[in-house]
Amino acid sequence: MNQDRIKTKAQAFRDKKIVCGVGVGLRSVHYDHVLSRRPAVPWFEVISENYMGLRGDQGGRPLEILEEARRNYPIVLHGVSLNIGSADPLDKNYLNALKRLANRIDSPHVTDHLCWTGVKGQNLHDLLPLPYTAEGLNLISSRAAQIQDILGRPFALENPSTYLAFRHSQMPEWEFLAETARQAGCGILLDINNVYVSAKNHGFDPVEYLRNIPADRVIQMHLAGYSHCGNLLIDTHDHPVSDPVWELYGEAVRLFGDVPTLIEWDDKIPPFGVLEKEAARAEKIRRKILGKRDCAALV
Amino acid sequence: MASEIAPPWSKLQESLQKILTDSGGVNNALSNPSVQFLPHFLAETSTVSARERLGVYCDAYFLRILESLGSDFPTLKEFLGDKNFRHLIADYLKDHPSRFKNISLIGERLPKFVSRHPLNRKFGFLSDLSRLEWEVLSCLYRDRLSPLNLESLRQIPEKSWPKARFIFDPSVRFIELDWDVDRLWNERMLARAKKRSLKIKKSERSLLIVRDHQWVQVRALGLEESTALKRLHGGASLGNLCDFLENSRKFQVKPGDIQVWIHDWISSGVLKRLVFP
Ligand SMILES: [Fe+2]
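Conventions adopted
Residues numbered from 1 in each chain as written. Chains lettered and ligands numbered in written order. Predicted model: local features only at pLDDT ≥ 70, side-chain atom pairs only at ≥ 80, totals over all residues. Heavy atoms only, no water. Helix = DSSP H or I, 4+ residues; strand = E, 2+ residues; numbered from the N terminus. Rg over C-alpha atoms; globule rule 2.2 N^0.38 Å. Buried < 20%, exposed > 50% of the residue type's maximum accessible area, 1.4 Å probe, protein only. Expected span 1.5 Å × (residues − 1). Arc of directions from axis to C-beta. Contact = heavy atoms within 4.5 Å. Polar contact = N/O pair within 3.5 Å; in protein donor to acceptor, adjacent residues only side chain to side chain. Phe/Tyr/Trp six-rings, centres within 6.5 Å; stacked < 30°, edge-to-face > 60°. Lys NZ or Arg CZ within 6 Å of the ring centre and 35° of its normal. Pairing = 2+ DSSP bridges. Right-handed = clockwise from strand over helix to strand, strands pointing away. Buried area = accessible area lost by both parts, 1.4 Å probe. Salt bridge = Lys/Arg side-chain N within 4 Å of Asp/Glu carboxyl O. Nonpolar A, V, L, I, M, F, W, Y, C, P; charged D, E, K, R; others polar. Axes fitted to C-alpha atoms, helices over the stretch in contact; angles between N-to-C directions. Domains from an automatic or database assignment. Donors = N, O, S within 2.8 Å, 3.2 Å for Na, K, Ca; no water. Tetrahedral: all angles 85-135°; square planar, octahedral: opposite > 155°, others 65-115°.

### Notes on the overall build of chain B
Then, number 1: Within chain B, the secondary structure is distributed over 13 helices and five strands.
Then, number 2: The globule rule puts the C-alpha radius of gyration for 277 residues at 19 Å, and the 26 Å found for chain B is more than 25% above it.
Then, number 3: If one aligns the C-alpha atoms of chain B with their principal axes, the spans along those axes are about 85 × 45 × 30 Å.
Then, number 4: When burial is assessed residue by residue, chain B has 49% of its 277 residues classed as buried.

### What about helix H4 (residues 92-105) of chain A?
All names here are of chain A.
Then, number 1: In this model, H4 (14 residues) spans 20 Å end to end at C-alpha, consistent with the 20 Å of a helix rising 1.5 Å per residue.
Then, number 2: Every buried residue belonging to H4 is among Tyr94, Leu95, Ala97, Leu98, Leu101, Ala102 and Ile105, and all of these are buried. Projection of H4 onto a plane perpendicular to its axis shows the buried side chains occupying an angular sector of 160°, all on one side.
Then, number 3: Buried residues along H4 sit against helix H3 (60-70), strand S3 (75-78), strand S4 (110-113) and helix H5 (134-151).
Then, number 4: For H4, the N-terminal capping position is held by Asp91, with its side-chain oxygen 3.1 Å away from the main-chain nitrogen of Asn93.

### Description of the packing of aromatic side chains
Aromatic rings considered in pairs are described by the distance between their centres and by the relative angle of their planes.
Then, number 1: For the coordinates displayed, the defined rule picks out 18 aromatic pairs over all chains.
Then, number 2: Ring centres of Tyr132 of chain A and Phe176 of chain A lie 4.8 Å apart, and the angle between their planes is 45°; this geometry places the pair in the tilted category. Residue Tyr132 of chain A is found in the loop between S4 and H5, and its partner Phe176 of chain A is found in helix H6 (residues 173-184); the two are separated by 44 residues along the sequence. In this pair, the class of Tyr132 of chain A matches that of Phe176 of chain A, namely buried.
Then, number 3: Judged by centre distance (6.4 Å) and plane angle (70°), the ring pair of Trp246 of chain A and Tyr249 of chain A falls under edge-to-face. Of this pair, Trp246 of chain A and Tyr249 of chain A both sit in helix H9 (residues 243-256), three residues apart, which is roughly one turn of that helix. Take Trp246 of chain A and Tyr249 of chain A: they sit in the same class, and that class is buried.
Then, number 4: Here the aromatic cluster, defined as three or more aromatic residues joined through ring pairs, consists of Phe79, Phe123, Phe125 and Trp179 of chain B.
Then, number 5: The ring of Tyr94 of chain A carries Lys101 of chain B above its face, with NZ or CZ at 4.8 Å from the centroid.
Then, number 6: When the ring centre of Phe244 of chain B is taken as reference, the NZ or CZ atom of Arg231 of chain B above it lies at 3.6 Å.

### Some remarks on the pairing of strand S5 (residues 155-158) of chain A
Residue and element names in this part refer to chain A.
Then, number 1: With burial as the criterion, each face of S5 is covered, one bearing Phe155 and Leu157 and the other bearing Ala156 and Glu158.
Then, number 2: Note: S5 against strand S6 (residues 187-191), three bridges, orientation parallel. Within S6, the residue paired with Glu158 across the bridge is Leu189.
Then, number 3: Between the parallel elements S5 and S6, the chain passes through H6 in a crossover that is right-handed.

### Brief notes about the environment of Gln17 of chain B
Then, number 1: The topology assignment puts Gln17 of chain B in helix H1 (residues 9-20).
Then, number 2: Taking the C-alpha atoms as reference points, Gln17 of chain B and Val35 of chain B, 18 residues apart in sequence, are found 10.0 Å from one another.
Then, number 3: Once residues within four sequence positions are removed from consideration, Gln17 of chain B is found in contact with Trp116, Gly118, Val119, Gln122 and Leu124 of chain A.

### What to know about the interface of chain A and chain B
Then, number 1: On the side of chain B, 54 residues touch chain A, which itself brings 55 residues to the contact.
Then, number 2: Summed over both sides, the interface between chain A and chain B buries roughly 4800 Å², with carbon and sulfur atoms accounting for 56% of that surface.
Then, number 3: Sorting the residues of chain A by area buried against chain B places Leu54, His125 and Arg167 of chain A first, and these three jointly supply 17% of that buried surface.
Then, number 4: Applying the counting criterion to the chain A and chain B interface returns two salt bridges.
Then, number 5: A salt bridge links Glu64 of chain A to Arg211 of chain B, with the nearest nitrogen and oxygen atoms 2.8 Å apart.
Then, number 6: The interface formed by chain A and chain B holds 28 residue pairs in polar contact (both at pLDDT 80 or more) in total.
Then, number 7: Contributions of two or more residues to the side of chain A that touches chain B are made by H3, H5, helix H7 (192-202) and strand S9 (232-234) of chain A.
Then, number 8: Tallied by class, the residues present in the side of chain A that touches chain B amount to 21 nonpolar, 24 polar and ten charged.

### So, the packing of H3 of chain A against H4 of chain A
All names here are of chain A.
Then, number 1: Look at H3 against H4: their axes get within 10 Å of each other, and the N-to-C directions meet at 35°. Contacts between H3 and H4 involve Leu63, Leu66, Glu67 and Arg70 from the first element and Leu101, Arg104 and Ile105 from the second.
Then, number 2: Of the residues contributing to the contact of H3 with H4, the split by class is four nonpolar, no polar and three charged.

### Brief notes about the domain arrangement of chain B
Then, number 1: As far as domains go, chain B holds domain 1 (9-127) and domain 2 (142-275).
Then, number 2: Placing a centre on the C-alpha atoms of domain 1 of chain B and another on those of domain 2 of chain B gives a separation of 39 Å.

### What to know about the coordination of the iron ion
Residue and element names in this part refer to chain A.
Then, number 1: The protein atoms that coordinate the iron ion are Glu158 (OE), Asp191 (OD), His222 (ND1) and Glu264 (OE), at distances spanning 2.0 to 2.3 Å.
Then, number 2: Geometry at the iron ion is irregular, judged from its four donor atoms and the angles of 86 to 174° they form at the metal.
Then, number 3: For the iron ion, the donor residues sit on a single chain with the sequence spacing E-x32-D-x30-H-x41-E. On the criterion of sequence distance, the pair formed by Glu158 in strand S5 and Glu264 in the loop between strand S10 (261-263) and helix H10 (272-290) is long-range, its members being 106 residues apart. The two residues Glu158 and Glu264 agree in class, both being buried.

### A closer look at the sheet that holds strand S2 (residues 173-179) of chain B
All names here are of chain B.
Then, number 1: Read from one edge of the open sheet, three strands run S2-S3-S4, paired in antiparallel fashion. Looking at which strands have only one partner, the edges of the open sheet turn out to be S2 and strand S4 (216-221). Ignoring which end each strand starts from, the neighbouring axes of this sheet average 30° apart.
Then, number 2: Docked against the sheet, helix H7 (residues 126-140) engages S2, strand S3 (202-211) and S4, running at close to 165° with respect to S2.

### Considerations on the side chain of Arg153 of chain A
Residue and element names in this part refer to chain A.
Then, number 1: Along the chain, Arg153 falls in the loop between H5 and S5.
Then, number 2: Residue classification places Arg153 among the buried positions, given a relative accessible area of 9%.
Then, number 3: A distance of 2.8 Å separates a polar atom in the side chain of Arg153 from a polar atom in the side chain of Asn103.
Then, number 4: Aside from chain neighbours lying at most four places away, what touches Arg153 is Arg5, Ala102, Asn103, Asp106, Ser107, Val110 and Gln148.

### Thoughts on the environment of Glu158 of chain B
All names here are of chain B.
Then, number 1: In this structure, Glu158 sits in the loop between helix H8 (150-153) and strand S1 (165-168).
Then, number 2: Given the relative accessible area of 72%, Glu158 is considered exposed.
Then, number 3: Considering only alpha carbons, one finds Glu158 and Leu207, 49 residues apart in sequence, at a separation of 31 Å.

### Here we look at the sheet that holds S3 of chain A
All names here are of chain A.
Then, number 1: Here we have eight strands rolled up into a closed barrel, ordered S1-S2-S3-S4-S5-S6-S7-S10, and parallel in their pairing. Strand-to-strand twist of the sheet, defined as the mean angle between neighbouring strand axes without regard to direction, takes the value 30°.
Then, number 2: Summarising the sheet, strand S1 (residues 22-25) and S10 pair through three bridges and their orientation is parallel. Pairing of Val22 across the sheet is with Thr261, part of S10.
Then, number 3: Contacts between H6 and the sheet are confined to S5 and S6, with S6 contributing the most and set at about 155° to the helix.
Then, number 4: Against the sheet, H9 makes contact with S6, strand S7 (218-223) and S10, and its axis sits at roughly 170° relative to S7, the strand it touches most.

If you want it as structure tokens, here you go:
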């Protein structure tokens, strides 16, 4: 039986193992601003691999900056190279390095994507889609449980934006994600923009997707911007959150309640104030739906 | 939903990887009979074909790595211009696909690759320039020791100084180059046209690379300073160094010069500890 590490919100608050409100992705262009001005952001998320050093355990300047930021803010690790869905075995060296980093900054939970990133030792540095089959469900749920055990803290899988789907998939993505989280005892990082982008790219109903995600598994949400590319939407993270995604976020808040949310912006990164405005807009939606209670009072 | 004929997990991924990393694009990749089964397993809509869908991933693979290498080798990219840089990276990825979790490691073998590339025959210093940029990047990822307090050195009795040995900051690297590409690197903020007009000369360069509080410093060392610093780095005591310089006919170093150097090496973060064995 896999150990379920997804606590109720009340438990998580008691243990101070949770972030709350709307955080922002910390990127290198904003290091100086964040360290010197200390903007009023409740928490940050960072890309784990950027702080794990080139080789060995030296983290150099990126890790020094992360530790400096950590003195003022909670920080959550979000990975892009776990490669959980690969035909290759899990990379234990990577997981051990990730665990050391998570311990060092006491990341309340660790997240990565429901995808594969390469096979035969290669890394394509992209979030590649999986066929949603029973075989895949077994593989990924057992690995997610194993990863959570190695890390010794809650682990959550994020739904990626996808541009292709497999004909031999046996279930929709929401069912695959929900079942993986249940079987592994892990969490879900629900990216609302990715739900919308994939829904448009494959022609499914994004609200139906949300309604089929178990609320007790959702430990974090993402919001980001997409771009149009011909008849597809691409998850470029280089635009403000779009209106239909804000609308879908409102639906998600109604369904999942007070879940910490993060604004992601990875390309053509604007001044920090623009990210703060996006975060304020998300906070406004949350408060409108959840009432004017602060997040600790929502437990 | 045709699970009974689904290809094994590994075959599906290996074939997809082969298609997405083909530098000739999706159509070229799909001319290979070993992957032609794959589109049959991909869902299509009336508006977007399987090939178009594969194309999105294929473009993203190359562009993401191109962008990352462009930010890790900014001077090389600026000098070559977008077209040549793109061409170089496409060739590089054919030989050295990424096997790394951290995307920054992809550039590790670029300097060696550049030295054999036709572009280096045209601009002979490209290999030195890429080596310098790689050393700068890897320096940034090394840990630093806390600074050595110059005031605390005043407490050291004069007679102890000859025995002193210095501990260097772990980020320190020395590199020897054949071209003065450090000038180009130091002027990297200049507009491209101005950079192109900088004449890079063939001249032996001994460079010191070290992390500072903000980023990384690159400094060309003269023969005397380079010899002195490398001797200390190799474990010589200050007394050994002074004897060597005094007895060497090659160098014209005064004791005052050494004092100035040491002050400078400490304040620039090169020397971090003093030990008296
Ligand atoms: Fe996301």
